[in-house]
Number of protein chains: 2
Amino acid sequence: MAMHDVECCDEVCHHSDLVTKVNSHMPDEDELYDLAELFKVFGDSTRIRILYVLFESQMCVCDLAEALNMNQSAISHQLKILKQAKLVTGRREGKSVIYSLADDHVRTIIDQGREHIEE
Amino acid sequence: MAMHDVECCDEVCHHSDLVTKVNSHMPDEDELYDLAELFKVFGDSTRIRILYVLFESQMCVCDLAEALNMNQSAISHQLKILKQAKLVTGRREGKSVIYSLADDHVRTIIDQGREHIEE
DNA sequence: CAAACATATGAATAACTGTTCATATGTTTA
DNA sequence: TAAACATATGAACAGTTATTCATATGTTTG
C-alpha cells in the first residue's frame with residue numbers, strides 16, 4: 001500500500017485519480033438507496049422496541065400495542081414499515097395477525113449497533 | 001419452550017404475563033434511543049456514500065465533496081453527524097482535515113445490511 | 001499581516017416522518 | 001346477518017432533517 005501521504009487539497013490531490021479510484025468501488029445508486037432505506041427502518045426507537053419484543057416471542061398487534069404502551073394504529077403503521085423492509089412477517093390467525101421476525105439478520109444488525117454504542 | 005400457542009387477543013393473551021415477560025428483556029430507554037440514533041446515521045445515502053469512500057481511503061473534505069459531487073458545506077454537515085456517532089474521525093493536517101473510519105463496526109454493520117437486502 | 005485556501009457553522013427552506021384520529025377492512029360469534 | 005373484535009389505512013399535524021447560502025474560523029503562504 002505505497003500510496004504517498006495524502007496532501008490536500010491542491011492539485012496534487014484535487015481532481016486526482018484517488019477520486020475516480022474510490023468511486024469505482026461505490027455500489028450503484030439503487031443499492032445505496034436501498035441500504036439507506038433499510039437503516040432508516042432501524043432508525044426509530046418504536047420500531048427497535050417492536051423488534052426487541054419479537055426477539056422474545058411472536059405476538060399479535062394488540063399485545064404489541066400493550067407491551068409498548070402505544071395505540072394500535074401507531075403499531076400497525078410501524079409494522080407495515082418493518083414488513084416492507086422484510087424484517088418481520090405477519091400471518092393471520094383468526095381475528096388476529098401474529099407478527100414474528102423474518103430472519104436473523106435483524107438480530108445481528110442490532111447486536112452490532114449495540115456493540116458500537118457500548119464501546 | 002412449552003409456551004401454549006398464541007391465542008389473541010381476548011383475556012387469554014391480553015394483559016398477560018407475556019407482555020411483562022417480554023418487557024423485562026427490553027433495554028432501557030436511553031439505550032434504545034442511542035441505538036435508534038446510531039441507525040439513523042446510517043439511514044442517509046449521502047452518509048453511506050461517505051463511508052464507502054472512506055472504506056477505500058482516508059480523505060479530506062474537499063475531495064470527498066468532489067468524489068460525491070456535492071458541495072463542501074453539505075459534506076461538512078454530514079461529517080459532523082458521522083463524527084458525533086463516532087463512525088469517523090478527523091485529524092487536521094495543514095489546511096485540510098483528513099477523515100477516516102473510526103473502527104470496523106462500520107463495515108460490519110453495512111455489510112450485514114447489504115446481505116439483508118440481497119437476500 | 002494580508003490574501004488565499006480549507007473547513008465549519010448558523011439560518012432558512014423544502015421534503016420527509018411518526019403519531020393520532022376517524023374509519024374501513026377482515027374475521028368470528030351470537 | 002348483525003354485532004363485536006382485531007387490524008389496516010388515509011388524512012392531518014407537528015416535529016425532524018438534508019441541502020443550500022452566506023459567512024465565520026482556522027491554517028498557510030507571500
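Throughout what follows, the structure given in this document is the object of discussion. Keep in mind the model is a prediction, meaning the values are calculated, not measured. (Residues numbered from 1 in each chain as written. Chains lettered and ligands numbered in written order. Predicted model: local features only at pLDDT ≥ 70, side-chain atom pairs only at ≥ 80, totals over all residues. Heavy atoms only, no water.)

## Some words on the overall build of chain A
- A tally of helices and strands in chain A yields 6 helices and 3 strands.
- Going from N to C terminus, chain A has its helices and strands arranged as α-α-α-β-α-α-β-β-α.
- Within chain A, the fraction of its 119 residues that count as buried is 47%.
- Partitioning the intrachain contacts of chain A with sequence separation of at least 6 by distance along the chain shows that 48% fall at a separation of at least 24.
- For chain A, the computed accessible surface area is about 6400 Å², with 46% contributed by carbon and sulfur atoms. (Helix = DSSP H or I, 4+ residues; strand = E, 2+ residues; numbered from the N terminus. Buried < 20%, exposed > 50% of the residue type's maximum accessible area, 1.4 Å probe, protein only. Contact = heavy atoms within 4.5 Å. Areas by Shrake-Rupley, 256 points an atom, 1.4 Å probe, with all protein chains shown as cover.)

## Structural notes on the sheet that holds strand β3 (residues 96-101) of chain B
All names here are of chain B.
- Taken in spatial order, the 3 strands line up as β1-β3-β2 in an open sheet, and their pairing is antiparallel. The sheet is open, and its two edges are formed by β1 (59-60) and β2 (88-93), each paired on a single side.
- Of the pairings in the sheet, the one linking β1 to β3 comprises 2 bridges and is antiparallel in character. Within β3, the position partnered with Cys 60 by the bridge is Ile 98.
- In the packing of helix α3 (residues 45-56) onto the sheet, the strands contacted are β1, β2 and β3, and the crossing angle to β3 comes to about 90°. (Pairing = 2+ DSSP bridges. Axes fitted to C-alpha atoms, helices over the stretch in contact; angles between N-to-C directions.)

## Brief notes about the protein's contact with DNA strand C
- Residues in contact with DNA strand C amount to 28 residues; listed here are only the nearest, Thr 46, Arg 47 and Ser 73 of chain A together with Ser 73 and Tyr 99 of chain B.
- Close to the protein, within 4 Å, the atoms of DNA strand C belong to sugar or phosphate groups at a rate of 64%.
- Between a phosphate oxygen of DNA strand C and a main-chain N or O atom of Cys 62 of chain B, the distance comes to 2.7 Å.
- Contact between DNA strand C and Ser 96 of chain B: a sugar or linking oxygen at 3.5 Å from a side-chain N or O atom of the residue.
- Its residues assigned to classes, the surface near DNA strand C shows 9 nonpolar, 11 polar and 8 charged. (Near = heavy atom within 4 Å. Polar contact = N/O pair within 3.5 Å; in protein donor to acceptor, adjacent residues only side chain to side chain. Nonpolar A, V, L, I, M, F, W, Y, C, P; charged D, E, K, R; others polar.)

## Digging into the protein's contact with DNA strand D
- The immediate surroundings of DNA strand D are formed by 28 residues, with Ser 73 and Tyr 99 of chain A together with Thr 46, Arg 47 and Ser 73 of chain B found nearest.
- Backbone sugar and phosphate groups make up 65% of those atoms of DNA strand D lying within 4 Å of the protein.
- Within the backbone of Val 97 of chain A, a nitrogen or oxygen atom sits 3.3 Å from a phosphate oxygen of DNA strand D.
- With respect to DNA strand D, the side chain of Arg 47 of chain B contributes an N or O atom lying 2.6 Å from a phosphate oxygen.
- Mapped by element, the contributors of at least two residues to the surface near DNA strand D are α4 (61-68), α5 (72-84) and β3 (96-101) of chain A together with α3 and α5 (72-84) of chain B.

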